[in-house]
2 protein chains.
Amino acid sequence: MARRNTNRRIGIADVAEKAGVSHATVSRVMNGNAAVDPGIAARVRAAASELKYQPNPVGRSLALGKTDTIGIVVPDLANPTFQAILRGLSIAASQDGYRVLIADSSEVTSEEAILAGEARRRCDGVVLCAPRMGDAELEELAPTLHPLVLINRTTVATNTPSLSVDYGQGIQELAQHLVGLGHRRLAFLSGPEHSASNRQRLVGLEKFRKEHPEIELQMLHGGSNFDSGHESTEAIIASGATGILAFNDLVAMGLLSGLHEHGLRVPEDISVTGFDDIPFAKYTTPPLTTAAVPINELGSLAWRRMREQIQQAGEPTTQAQDEFSPRMEIRKSTAAPALKPA
Amino acid sequence: MARRNTNRRIGIADVAEKAGVSHATVSRVMNGNAAVDPGIAARVRAAASELKYQPNPVGRSLALGKTDTIGIVVPDLANPTFQAILRGLSIAASQDGYRVLIADSSEVTSEEAILAGEARRRCDGVVLCAPRMGDAELEELAPTLHPLVLINRTTVATNTPSLSVDYGQGIQELAQHLVGLGHRRLAFLSGPEHSASNRQRLVGLEKFRKEHPEIELQMLHGGSNFDSGHESTEAIIASGATGILAFNDLVAMGLLSGLHEHGLRVPEDISVTGFDDIPFAKYTTPPLTTAAVPINELGSLAWRRMREQIQQAGEPTTQAQDEFSPRMEIRKSTAAPALKPA
DNA sequence: GAATCATGAGAAAGCGTTTTCTCAGAGCGT
DNA sequence: ACGCTCTGAGAAAACGCTTTCTCATGATTC
């Protein structure tokens, strides 16, 4: 006897009474699960629409053991990449009648597991987006979250599908591009320390270094947003590099703006690349050379992988490990260096 | 007898059995609602943590009649403004233990009411963000959605709190700013037809026209994103106006890029203003003069108004109608016009 | 020492659905 | 006309929790 009965929403019981049938019959009519006499069905439907009856999803969820909702955990909702994934996921999921519940960990690593667990209990599955937690913790957490889809991380133990972008490959191609233009002094403006995608970039660049020992490649610390790019301007100028690989487009844009303020021209004086190809990248001045990540696909594919797991619950999951290769997007922020490097 | 019992998650019954107490006692211990013998409580807690018991939120929701979730309906999740509102809302709500469920109407007006209704049934309240539906429909829908918070729209009938931005005022100030710089030929590149905020801008500009009959002010049709701004470039040039009021920052940025491609310099040849002050606005080249909308505040205030309604359920709601005044953000995309207007 | 009271735990109802189980009645064949 | 199957509707259990109600136990008071 929880809530008082007064003033409650109209429920299946009201419809049943009005139509002169049992609860069960109303449920049958609403869901079309079993054969019901057409006459009775019509009566029920009339009663339902007259009372504007709408089934209570919570009761439904309890009985069915599913919520038609999936959760997504992201490190920072301010990041356009995660926003785009969220959007792609939401649109794809809604096409199948599912809704998305969001949880923003605000880059607080210790919160991720808690948020994910909570989301999982409320939802039929969880998408874990670029988690910052350590490998061991992820390995332990993953099985408890199933159905789970991982973005930008992988796990070995369980067969959880993962979607990732080959950041190592992309950053190498960008570096190649700069070298091809004639640059000999490069600098990488790195991202957040706990970011797995940042580590991938570092690994890729290490490989690049081995293959091009003649090229100077400096590593500079930075962040993942505008401001950190902007703040790094002086360090970049001091580095003497002519080709700058920014962690992502946001950082590149901040840097672009900082360089402009210092009177340096891009690409004449210095070349800058981004990463991600966020929608804004092609509208910067100059338009940004970057590695395009098929971000919309990521969101919708995440949903497809989730749906597969939800549908074939129990069956041997097909452990899909999708990896996307970034596509070079050569624009105007890169060019051959001036003859006499600064 | 819905699902088969096999393989089910561990529930309150398991804890009760393990601790040798009744379901009720476990519930009492978990929620701290009533006095429980410390010894028994400890036993229950031990059993719970040993079994890693986590209450099922669906069962909880059904019993409590609340879901600790609120819904938000937005016209387009790709729009940075709505992304920012979503983010502010989500962060504020999570501080109080609430989660956010999202619904994207994809600008399909007819879907809004359905999505909102569905969201409301699943959640404890709904935030309706810049709905495109007509006034009559909104008026009819609002009472059925309570607790409801409206953003960028108001409603008279019920006492639902609303948050809005004085777009009319902001656009007038921007126009004033241009006139103050010496511009005499202005053009407004308008937004989506169904957008209430676009109508507000038009009303504001009508007022401006009355007060400044000597100023030429053209109205051009446009959209709300980069591309529409970009596409309008030629129409803008053809208009002969020297001061352009873009619908929002996105449109302004697209326009900036288009003008650049046509060899026109901003602000020397033509001045451009945006609206919203999205994070990117200060990093464009040149940095964009715009009217700043306190977008983060909007999201968190939306939550505060929602929380007020949820808490004082039943009590006379305080029908708050908050209106924000945009703040002029004068940057480098506006300047005095060339002596001889094009 | 008996009556009263406070404390705290268990039984059970209730939240709003779905689904199984059961059974009445109709239709059919012999 | 009898028994069989079949259709379809109601009764009730189940989902997992909270909370009221009830009652036993031990403490308090006269």
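Predicted model, so just to flag it, every value in this text is computed and none were measured.

Peer 1: Explain the confidence of the model for chain A to me, please; I cannot follow it from the model alone.
Peer 2: The predicted coordinates ought not to be read in detail in places where the model reports low pLDDT. All names here are of chain A. When the pLDDT values of chain A are averaged, the result is 91; 95% of them are 70 or greater. Mean pLDDT per element in chain A: helix α3 (residues 38-50) is the minimum at 89, and strand β8 (residues 243-246) is the maximum at 98. Contacts from residues 1-6, a stretch scored under 50 in pLDDT, to residues over four places away or in other chains number 3 contacts.

Peer 1: Explain the packing of aromatic side chains to me, please; I cannot follow it from the model alone.
Peer 2: For any pair of aromatic rings, the description consists of the separation of the ring centres together with the inter-plane angle of the planes. Under the definition given, this model contains 9 aromatic pairs over all chains. A ring pair is formed by Y167 of chain A and F275 of chain A, whose centres lie 5.4 Å apart and whose planes are at 40 degrees; its orientation type is tilted. One end of the pair, Y167 of chain A, is in helix α8 (residues 167-181); the other, F275 of chain A, is in the loop between β9 (271-273) and β10 (290-292), and 108 residues separate them in sequence. As far as burial versus exposure is concerned, Y167 of chain A and F275 of chain A are alike and both buried. Judged by centre distance (4.3 Å) and plane angle (5 degrees), the rings of F226 of chain A and Y283 of chain B are stacked. Taken as a pair, F226 of chain A in helix α10 (residues 226-231) and Y283 of chain B in the loop between β9 (271-273) and β10 (290-292) lie in two separate chains rather than in one. Of the two residues, F226 of chain A and Y283 of chain B, neither departs from the other in class, the shared state being buried. It is R201 of chain B that lies over the ring of F275 of chain B; its NZ or CZ is 4.9 Å from the centre.

Peer 1: Explain the interface of chain A and chain B to me, please; I cannot follow it from the model alone.
Peer 2: At the junction of the two partners, chain A supplies 47 residues and chain B supplies 48 residues. Contact between chain A and chain B buries roughly 4,300 Å² in total, counting both sides, with carbon and sulfur atoms accounting for 63%. Contact with chain B buries surface across chain A, with R121, F280 and Y283 of chain A losing the most and accounting together for 18% of the total. Our enumeration of links across chain A and chain B arrives at 4 salt bridges. The shortest N-O distance in the salt bridge between E118 of chain B and R99 of chain A comes to 3.2 Å. Linking chain A to chain B there are 11 residue pairs in polar contact (both at pLDDT 80 or more). For the side of chain A that touches chain B, the elements supplying multiple residues, two or more each, are α4 (57-64), α5 (80-95), β2 (99-104), α6 (109-122), α10 and α12 (249-261) of chain A. Per-element tally for the side of chain A that touches chain B: the top contributor is α4 of chain A, with 7 residues.

Peer 1: Can you walk me through the sheet that holds β9 of chain B in this structure?
Peer 2: Residue and element names in this part refer to chain B. Taken in spatial order, the 4 strands line up as β7-β6-β8-β9 in an open sheet, and their pairing is parallel. The open sheet has two edge strands, β7 (216-220) and β9, and neither has a second partner. Sheet twist, expressed as the mean angle between neighbouring strand axes with direction ignored, is 20 degrees. Both strand β6 (residues 185-189) and strand β8 (residues 243-246) contribute to a ladder of 4 bridges, which runs parallel. In the sheet register, A187 faces β8, and the bridge partner there is I244. The strands touched by helix α12 (residues 249-261) within the sheet are β6, β8 and β9, with β9 carrying the most contacts at an inclination of about 155 degrees.

Peer 1: What is the right way to look at the UniProt feature "domain: HTH lacI-type" (unreviewed entry) in chain A in this model?
Peer 2: Per the UniProt record, the feature "domain: HTH lacI-type" (unreviewed entry) sits at residues 10-64 of chain A. Annotated as residues 10-64 of chain A, this span is 69% helix and 0% strand, and its ends, taken at the C-alpha atoms, are 20 Å apart.

Peer 1: Just checking my understanding: could you explain the pattern of salt bridges for this structure?
Peer 2: Charged atoms that come close allow side chains of opposite charge to pair. Within the structure shown, the criterion is met by 30 salt bridges over all chains. Between E107 of chain B and R132 of chain B there is a salt bridge, and its shortest N-O distance comes to 3.0 Å. Highlighted residues: E107 of chain B in the loop between β2 (99-104) and α6 (109-122) and R132 of chain B in the loop between β3 (125-129) and α7 (135-145), separated in sequence by 25 residues. Residue classification places R132 of chain B among the buried residues on the basis of a relative accessible area of 9%. When the shortest N-O distance is used, the salt bridge between D135 of chain B and R153 of chain B registers 2.9 Å. With D135 of chain B in helix α7 and R153 of chain B in the loop between β4 (148-151) and β5 (162-165), the pair connects residues that are 18 residues apart, well separated along the chain. One network of salt bridges, in which partners are shared, links R99 of chain A together with E118 and R122 of chain B.

Peer 1: Where do I start with the environment of A84 of chain A in this structure?
Peer 2: You can see A84 of chain A is positioned in helix α5. Setting aside residues no more than four positions away along its own chain, A84 of chain A makes contact with I295 and N296 of chain A.

Peer 1: What am I meant to see in the domain arrangement of chain A here?
Peer 2: Interfaces are often described in size by the accessible area the parts lose on coming together. Under the domain assignment used here, chain A contains domain 1 (12-55), domain 2 (69-165 + 295-324) and domain 3 (167-293). Between the C-alpha centres of domain 1 of chain A and domain 2 of chain A the distance comes to 38 Å.

Analysis parameters
Residues numbered from 1 in each chain as written. Chains lettered and ligands numbered in written order. Predicted model: local features only at pLDDT ≥ 70, side-chain atom pairs only at ≥ 80, totals over all residues. Heavy atoms only, no water. pLDDT = per-residue confidence, 0-100. Helix = DSSP H or I, 4+ residues; strand = E, 2+ residues; numbered from the N terminus. Contact = heavy atoms within 4.5 Å. Phe/Tyr/Trp six-rings, centres within 6.5 Å; stacked < 30°, edge-to-face > 60°. Buried < 20%, exposed > 50% of the residue type's maximum accessible area, 1.4 Å probe, protein only. Lys NZ or Arg CZ within 6 Å of the ring centre and 35° of its normal. Buried area = accessible area lost by both parts, 1.4 Å probe. Salt bridge = Lys/Arg side-chain N within 4 Å of Asp/Glu carboxyl O. Polar contact = N/O pair within 3.5 Å; in protein donor to acceptor, adjacent residues only side chain to side chain. Pairing = 2+ DSSP bridges. Axes fitted to C-alpha atoms, helices over the stretch in contact; angles between N-to-C directions. UniProt positions renumbered as here; feature names shortened; annotations may be inferred. Domains from an automatic or database assignment.

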